[in-house]
Amino acid sequence: MRASFTKLYMHYVWATWDRLPIITPDIQKLVYPAIIQECEQLKCTVIAIGGIEDHVHLLTGFPPTISISELVKQIKGSSSHFITHEIKPGEFFKWQGSYGAFTVSHDAIDNIANYIKNQATHHSQKSIIPTWELTPK
């Protein structure tokens, strides 16, 4: 019997508590590699990561061995723990409980990765895609 074959891609978005602008550049440069490391441990391939002060976007190749909710729970939990225990002990940091997850076709990977990597530009130029930003309606 042949081995199973999957090519699954997901775009995740999650925000800080109350959308507080607490992902400062010093936190960002340390927590993004920690998120990538957690993804690798969960057998996800990170394609792109980016965001601004109040939220994170992540695009991964997604394994069929873990649920979306479990993956996001692990990533958010480990990154929050890292920030509150290693980067900024004693300072407030918390993710919102909710998140967004969007399936991505193989043909759209480059466009979405570009969007994620250029978050600061999209936000400053007001060229965001509201659905992906989890903006209030």
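Above this text you will find the structure in question.
Here is what the cut-offs are and how they apply
- Residues numbered from 1 in each chain as written.
- Predicted model: local features only at pLDDT ≥ 70, side-chain atom pairs only at ≥ 80, totals over all residues.
- Heavy atoms only, no water.
- Helix = DSSP H or I, 4+ residues; strand = E, 2+ residues; numbered from the N terminus.
- Buried < 20%, exposed > 50% of the residue type's maximum accessible area, 1.4 Å probe, protein only.
- Salt bridge = Lys/Arg side-chain N within 4 Å of Asp/Glu carboxyl O.

(A) Here's a closer look at unusual backbone geometry. One non-glycine residue, Asp18, adopts positive backbone phi at about 55 degrees. If you trace the backbone, Asp18 turns up in the loop between β1 (9-15) and α1 (25-41). On the basis of relative accessible area, Asp18 is assigned to the exposed category, the value being 57%. Of note, the phi angle at Lys43 is positive, near 70 degrees, even though the residue is not glycine. Overall, Lys43 belongs to the exposed group, its relative accessible area being 63%.

(B) Geometry of the pattern of salt bridges. For the structure on display, the rule yields two salt bridges. When the shortest N-O distance is used, the salt bridge between Asp54 and Arg19 registers 3.2 Å. Here Asp54 is found in the loop between β2 (45-52) and β3 (55-61), whereas its partner Arg19 is found in the loop between β1 and α1, with 35 residues between them in sequence. Judged by relative accessible area, Asp54 falls into the buried class, the value being 16%. On the accessibility criterion, Arg19 (25% relative accessible area) is partly exposed. Here Lys88 and Asp26 are joined by a salt bridge, their closest N and O atoms 2.9 Å apart. Of this pair, Lys88 sits in the loop between α2 (68-87) and β4 (100-103) while Asp26 sits in helix α1, and the two are 62 residues apart along the sequence. On the accessibility criterion, Lys88 (22% relative accessible area) is partly exposed.

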